[in-house]
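Observations on chain architecture
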Amino acid sequence: MVEERLDALVVILDEIRLGRSRSRREIGIRTGLSRAIIAQRIGELVERDLVSETLTGPSTGGRPPKQLAFRATAGHLLVADLGATSIDVALTDLAGRTLDHFAEAADIAAGPEAILGRVEQLFSRLVTTTSNVEGRLWGVGVGIPGPVEFRTGRPISPPIMPGWDGYPIRSRFAAAYHAPVWVDNDVNALALGEWRSGIAEGHDNVVFIKVGTGIGAGLISDRQLHRGAQGSAGDVGHIQVTDDKRVVCRCGNVGCLEAVAGGEALARFGAAAARGGRSELLRAALDRAGTLTAEDVGRAAAFGDPVAVELLQTAGQQIGAMLAGVVNLFNPSLIVIGGGVAYSGDQLLASIRETVYRRSLPLATRDLSIQRSSLGELGGVIGVAAMVVDQLFARETIGRWIEFGTPAGKPEIAEDDLTVAVAASA
Ligand SMILES: [Zn+2]
């Protein structure tokens, strides 16, 4: 497809797909494209079944305007969000809306064969149990709790994923499903989900920070997910915050933020307090389950346990100090706090807020808002679906499949190496 034709097609499809314009007239006003070009590109989109145009718009006296809508049911997506201790899968439409989902406990350290084999089983189950799965499979997405080389869809030295280094997740799923596959870091996906359909909608510069077992950040910079040169941007959990040689992180370094303020650290400090007889509530939780989690610390804090409150406040101060640096460097208008630990009571959020406002420059915090994540437990799969949708409809990808009307059956369009796709569409 000629460049200008493709440019206009992508702009118009985005207008309709993202709900910004509902009629040809609105598209004209918002994009400045001519009526003839808009008519031609909409004709192509309707012909390819990506857009519908119906006479349902409100009448303004004369002929009622035709209403444009994206056909999100033209195909479906399968997405998986892999956590340190969980697998979440979902089947979604092309707008990233979840049609059905399923979650179960799993240990990521079991390795790629076991975990991805299980994901394949759960995908099959979803396809059979979801009613009205429409269209063909247009794409597969996987979020993992570690660094990903986005270009190749492979994990790179992930600290908590033994056996996964360099594993070709994309190739495996592309062969199994014959559809394009994208793999991303779970926090990047969460940031995208929050930006596309959560609390960060409408913000151009956003920091999403996940405080779970570990700590990581996803950055929306000038309305783009910022992955960085190799895809490791946002790995803020391994910023050094103390010189204390006793604080050894699971990444092998000393003094990392997540080793003092992540969920695992909170659980460890909580257990020490329980054993040392400093907290009855934590002692009781420890006795009940045999181990203590960050959630137990959160629950104890919610009941006013002074030790638990102090642990969350200290973690919040350390995370806040790191974020103040990020705020000075990056100047976001919104920071979203997510991850399991973020949902455990208000102390952590309050302490992060207080520290960020106190330690950042006044200009950077003048319009800065710090909020809790809005997507809840489905945030992971919603984020991965948003990531796949963004890739499918990105200009460089859409150019590889629009002539065929669908990316289904075309796994090569996700590959970074253009030669295959260009040859196919020439
Ligand atoms: Zn570390």
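Scroll up to find the structure this text is about.
Residues numbered from 1 in each chain as written. Predicted model: local features only at pLDDT ≥ 70, side-chain atom pairs only at ≥ 80, totals over all residues. Heavy atoms only, no water.

Bringing the sheet that holds strand β12 (residues 224-225) into the picture now. Within a sheet, neighbouring strands are paired by backbone hydrogen bonds and run either parallel or antiparallel to one another. Strand order in the open sheet formed by five strands is β12-β11-β10-β13-β14, with mixed pairing between adjacent strands. For this open sheet the edge positions go to β12 and β14 (369-372), each flanked by a neighbour on one side alone. Bridge count between strand β10 (residues 206-211) and strand β11 (residues 215-221): six bridges; the pairing is antiparallel. Residue pairing across strands places Phe208 opposite Gly218, the latter belonging to β11. Those strands touched by helix α11 (residues 306-330) are β10, β11 and β13 (334-338), and its axis lies near 160 degrees from that of β10. Those strands touched by helix α12 (residues 347-359) are β13 and β14, and its axis lies near 165 degrees from that of β14. (Pairing = 2+ DSSP bridges. Helix = DSSP H or I, 4+ residues; strand = E, 2+ residues; numbered from the N terminus. Contact = heavy atoms within 4.5 Å. Axes fitted to C-alpha atoms, helices over the stretch in contact; angles between N-to-C directions.)

The coordination sphere of the zinc ion contains the protein donors His238 (ND1), Cys249 (SG), Cys251 (SG) and Cys256 (SG), at a distance range of 2.0 to 2.3 Å. Geometry at the zinc ion is tetrahedral, judged from its four donor atoms and the angles of 106 to 122 degrees they form at the metal. Site description for the zinc ion: donor spacing in sequence, H-x10-C-x1-C-x4-C. Both residues of the pair, Cys249 and Cys256, count as buried. (Donors = N, O, S within 2.8 Å, 3.2 Å for Na, K, Ca; no water. Tetrahedral: all angles 85-135°; square planar, octahedral: opposite > 155°, others 65-115°. Buried < 20%, exposed > 50% of the residue type's maximum accessible area, 1.4 Å probe, protein only.)

Moving on, we come to the environment of Val236. Relative to the assigned elements, Val236 resides in the loop between β12 and α7 (257-261). Separated by 87 residues in the primary sequence, Val236 and Leu323 place their C-alpha atoms 8.9 Å from one another. Apart from residues no more than four positions distant in its own chain, Val236 is found in contact with Ile209, Ile215, Gly216, Ala217, Leu257, Met322 and Val326.

Worth remembering: the numbers are spatial, not functional.
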